[in-house]
Amino acid sequence: MNRAPHFLLIDCAGADRKLAFGLSWQVLIGSDVSRLARARGWRLRATHLVVGGSPATVAGYGRARSFWRRGSQAQASRRRHMPHIQAAAQLYALRYPEGGLCLVPLPEGRYWLAAAQDGSVLSQADKVFASHREALHAHARLREQRPALPEHDAGAVWACLLYTSDAADERSSV
């Protein structure tokens, strides 16, 4: 991978935060994972990164679209702060530490595939699809690769992501 992918941002109604979907997750191996994550993020030209997972440490990388960065900076100067961004997949891994997978319909007709195991986001998860057929195909492939992962209800996962408390989930901040 030469570049981190552009991620999708969705506002959480009634909260000053956004959820980031579609990060690229990679395993980090080494003693100074923060430095390793930043170095890899720089090589991937990521504008945002999040480190998480236990016992396996993973990092999620993504790039904000340039129009969003410009718009947010102008908005932030008026409001004096940037909106809080949280990685949806990391929130999922924190909320379901036993692991699992889900396929969640997103606003505007997109679909999000998420999977985690033992508190860490899986590298082939956190994908956003434009069509339901593509999403179902990727879900089936992931289900075939990891048959032991429990399936979580899409509605319950979506509600959990939207209404989770900010203070409890600082580890998911992008």
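Residues numbered from 1 in each chain as written. Predicted model: local features only at pLDDT ≥ 70, side-chain atom pairs only at ≥ 80, totals over all residues. Heavy atoms only, no water.

Some points on helix α5 (residues 154-163)
Those residues of α5 that fall on the buried side of the exposure criterion are Ala154, Val157, Trp158, Leu161 and Leu162. Buried residues of α5 fall within an arc of 125° about the axis and therefore sit on the same side. Packed against the buried residues of α5 are β1 (8-11), β2 (17-21), α3 (88-95), β7 (100-105) and β8 (111-117). Capping the start of α5, Asp153 holds a side-chain oxygen 3.3 Å from the backbone nitrogen of Gly155, two or three residues further along. (Buried < 20%, exposed > 50% of the residue type's maximum accessible area, 1.4 Å probe, protein only. Helix = DSSP H or I, 4+ residues; strand = E, 2+ residues; numbered from the N terminus. Arc of directions from axis to C-beta. Contact = heavy atoms within 4.5 Å. Polar contact = N/O pair within 3.5 Å; in protein donor to acceptor, adjacent residues only side chain to side chain.)

Quick word on the nonpolar core
In terms of nonpolar packing, the biggest core is built from 32 residues, with Phe21, Trp112 and Leu161 touching the most fellow members. Of all elements in the fold, only β1, β2, β6 (84-87), α3, β7, β8 and α5 reach the threshold of two or more residues within this core. With residues near it in sequence (within four places) discarded, Leu161 still touches Cys12, Arg17, Leu19, Phe21, Ala88, Leu91, Tyr92 and Trp112. Among the nonpolar cores identified, the runner-up in size contains 12 residues, and Leu113, Leu122, Ala135 and Leu142 belong to it. (Core = buried A, V, L, I, M, F, W, Y, C linked by side-chain atoms within 4.5 Å.)

Points about the sheet that holds β1
Across the sheet, which stays open at both edges, the 3 strands sit in the order β1-β2-β6 with mixed pairing between neighbours. At either margin of the open sheet sits one strand with a lone partner, and together these are β1 and β6. Strand-to-strand twist of the sheet, defined as the mean angle between neighbouring strand axes without regard to direction, takes the value 30°. Here β1 pairs with β2 via 4 bridges, running antiparallel. Looking at the pairing, Leu8 lines up with Phe21 of β2. Strand contacts of α3: β2 and β6, with the helix running at about 60° to β6, the strand carrying the most contacts. (Pairing = 2+ DSSP bridges. Axes fitted to C-alpha atoms, helices over the stretch in contact; angles between N-to-C directions.)

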